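Understanding the architecture of this molecule
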Amino acid sequence: MKVRELAVAGALEFTPTVFPDGRGLFLSPFQGPAWTEATGNTRFPVSQTNHSRSKRGVVRGVHYTLTPPGCAKYVYCPKGSALDIVVDIRVGSPTFGKWDVVLMDQNDFRAMYFPVGLGHAFIALEDDTVMSYMVTSSYVPEHELAISVTDPALDLPIPEDITPVYSERDTVAPTLAEAAEQGLLPRYELSTRLEQQWKEEV
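In every chain, residue numbers begin from 1 and rise along the written sequence. Residues qualify for local features only when their pLDDT is at least 70, as the model is predicted, and side-chain atom pairs are given and counted only at 80 or more; totals for whole chains, interfaces and linings, by contrast, use all residues. Think of the side-chain values as coming from all heavy atoms in the structure, minus any hydrogens and water.

For cavity detection a 1 Å grid was placed over the protein atoms alone, and a set of points counts as a cavity when a 1.4 Å probe fits there but cannot get out; an open set counts as a pocket when protein lies on both sides within 12 Å along at least five of seven lines, with lining residues being those that have an atom within 4 Å of a point. Grid points are joined across faces, edges and corners, and a volume is the space filled by probe spheres set on the points. The final tally for this structure, using the stated rule, is 1 cavity of 30 Å³ or more. What lines the largest cavity is simply His63, Tyr64, Thr65, Cys71, Ala72, Lys73, Phe114, Pro115, Gly117, Leu118 and His120. Counting residues per element, the lining of the largest cavity draws most heavily on strand β6 (residues 59-65), at 3 residues. Per-class residue counts for the lining of the largest cavity are 6 nonpolar, 4 polar and 1 charged. Numbering of helices and strands starts at the N terminus; helices are DSSP runs of H or I of at least 4 residues and strands are runs of E of at least 2. Three residue categories are used. Nonpolar comprises Ala, Val, Leu, Ile, Met, Phe, Trp, Tyr, Cys and Pro, charged comprises Asp, Glu, Lys and Arg, and polar comprises the others, including Gly.

See the structure below:
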């Protein structure tokens with residue numbers, strides 16, 4: 001398992017070893033020892049797994065969870081391909097307002113780890129793109145928030161050769177500055193402290 005630090009503090013890219021043979025292939029998208037070595041946490045407390053399928057051009061995000069309770073994610077793409085984007089929306093973070101992008105596909109099976117408090121978006125590059133998530137909190141509608149993926153201040157990398165498809169919720173989402181003014185953004189210190197508890201609760 002190869003690990004790469006991303007431009008957003010705490011966000012990581014994981015690339016597993018793929019073992020092909022005459023029958024097909026095998027890989028492990030999430031490996032506990034590699035994740036522990038990279039993050040310092042001894043466990044990833046999965047509360048729910050999510051699965052989405054999207055047609056080419058679908059843009060989902062930028063989504064995040066009210067903090068507290070907060071939510072961390074481990075995401076990969078078992079089918080199709082997507083640009084997966086992490087956005088630092090944690091007030092007080094050394095990388096606040098920055099983002100990074102990982103190409104996820106069914107060739108390299110890269111995965112991305114989103115610590116508590118980060119924003120997540122992805123753009124499906126082909127039909128029937130499947131994204132799979134492990135998350136640390138269960139879905140509570142009133143806790144799920146969004147930032148506009150078209151916020152010009154973020155300037156996220158939406159390819160020019162696709163026709164973006166947005167949900168109504170994402171179309172009306174506030175900009176990063178508007179969410180900050182409304183007090184809706186996670187705070188860096190609290191987000192990191194919530195994640196620190198995973199070490200202490202073992």
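So much for the structure itself; the text now carries on.
Only protein chains enter the accessibility calculation, which uses a 1.4 Å probe. A residue is then buried if its area is under 20% of the maximum for its type, exposed if over 50%, and partly exposed in between. Burial of strand β8 (residues 81-87) is extensive: 7 of the 7 residues sit out of reach of the surface. Residues Ser81, Leu83, Ile85 and Val87 of β8 are buried on one face, and the alternating residues Ala82, Asp84 and Val86, pointing to the opposite face, are buried as well. Two strands qualify as a pair provided DSSP detects at least 2 bridges between them. Relative to strand β11 (residues 119-124), β8 runs antiparallel, the two sharing 6 bridges. What sits directly across from Val86, in β11, is His120.

Two cysteine sulfurs form what is called a disulfide whenever their separation falls within 2.5 Å. This model, assessed by the stated rule, comprises 0 disulfides. For Cys71, which is in no disulfide, the shortest distance to another cysteine sulfur is to Cys77 and amounts to 19 Å. Assessed through its relative accessible area of 0%, Cys77 is described here as buried.

Overall, antiparallel pairing links the 6 strands, which are arranged β1-β2-β10-β7-β12-β5 in an open sheet. Taken across any chain shown, the strands that pair with only one partner, and hence form the sheet edges, are β1 (2-5) and β5 (48-54). Shown here is a sheet whose adjacent strand axes are inclined to one another by a mean of 20 degrees, direction ignored. Where strand β2 (residues 12-15) meets strand β10 (residues 111-114), 3 bridges bridge the pair, whose relative direction is antiparallel. Counted as the bridge partner of Leu12 is Tyr113 from β10. Contact criterion: two residues are considered in contact whenever any of their non-hydrogen atoms come within 4.5 Å of each other. Axis definition: a line fitted to C-alpha atoms, over the contacting stretch in the case of helices. Angles run 0 to 180 degrees between N-to-C directions. Strand contacts of helix α1 (residues 32-39): β1, β2, β7 (73-79) and β10, with the helix running at about 150 degrees to β2, the strand carrying the most contacts.

This part covers the packing of aromatic side chains. In this description, an aromatic ring pair is defined by two values, namely the gap between the centres and the angle between the planes. Note on aromatic pairs: the rings of Phe, Tyr and Trp (six-membered ring only in Trp) are paired at centre separations within 6.5 Å, and the planes decide the class, stacked below 30 degrees, edge-to-face beyond 60, tilted for the rest. Tallying each qualifying case throughout the model produces 7 aromatic pairs. Where Phe14 meets Tyr74, the ring centres are 5.5 Å apart and the plane angle is 45 degrees; that geometry is what we call tilted. Of the two residues, Phe14 sits in strand β2 while Tyr74 sits in strand β7, which places them 60 residues apart along the sequence. Where Phe30 meets Trp35, the ring centres are 6.2 Å apart and the plane angle is 50 degrees; that geometry is what we call tilted. Owing to a relative accessible area of 28%, Phe30 belongs among the partly exposed residues under this scheme.

Read across the open sheet, the 5 strands follow the order β9-β8-β11-β6-β13; overall the sheet is antiparallel. Of all strands in the sheet, those with a lone pairing partner are β9 (99-105) and β13 (144-146), marking the two edges. Averaged over all neighbouring strand pairs, the angle between strand axes comes to 30 degrees, with direction disregarded.

A few words on unusual backbone geometry. Residue Pro68 follows Thr67 across a cis peptide bond; omega there is -5 degrees. Examined against the element boundaries, Pro68 turns out to sit in the loop between β6 and β7. Geometrically, the link from Pro68 to Pro69 is a cis peptide bond, its omega value of 15 degrees lying close to zero. As for its placement among the helices and strands, Pro69 is situated in the loop between β6 and β7.

Moving on, we get to the nonpolar core. In these notes, a set of buried Ala, Val, Leu, Ile, Met, Phe, Trp, Tyr and Cys residues joined through side-chain atoms within 4.5 Å is what counts as a nonpolar core. Ranked by size, the top nonpolar core spans 18 residues in total, and within it Val62, Tyr64, Val87, Ile89, Ile147, Leu156 and Leu185 carry the most contacts. Breaking this core down by element, the ones donating at least two residues are β6, β8, β11 and α3 (176-181). The contacts of Ile147, once residues within four sequence positions are left out, are Gly61, Val62, Tyr64, Ile89, Leu154, Ala173, Pro174, Thr175, Leu176, Ala179 and Leu185. Counting 17 residues, the second-largest nonpolar core is a separate cluster that includes Val8, Met112, Phe114 and Leu118.

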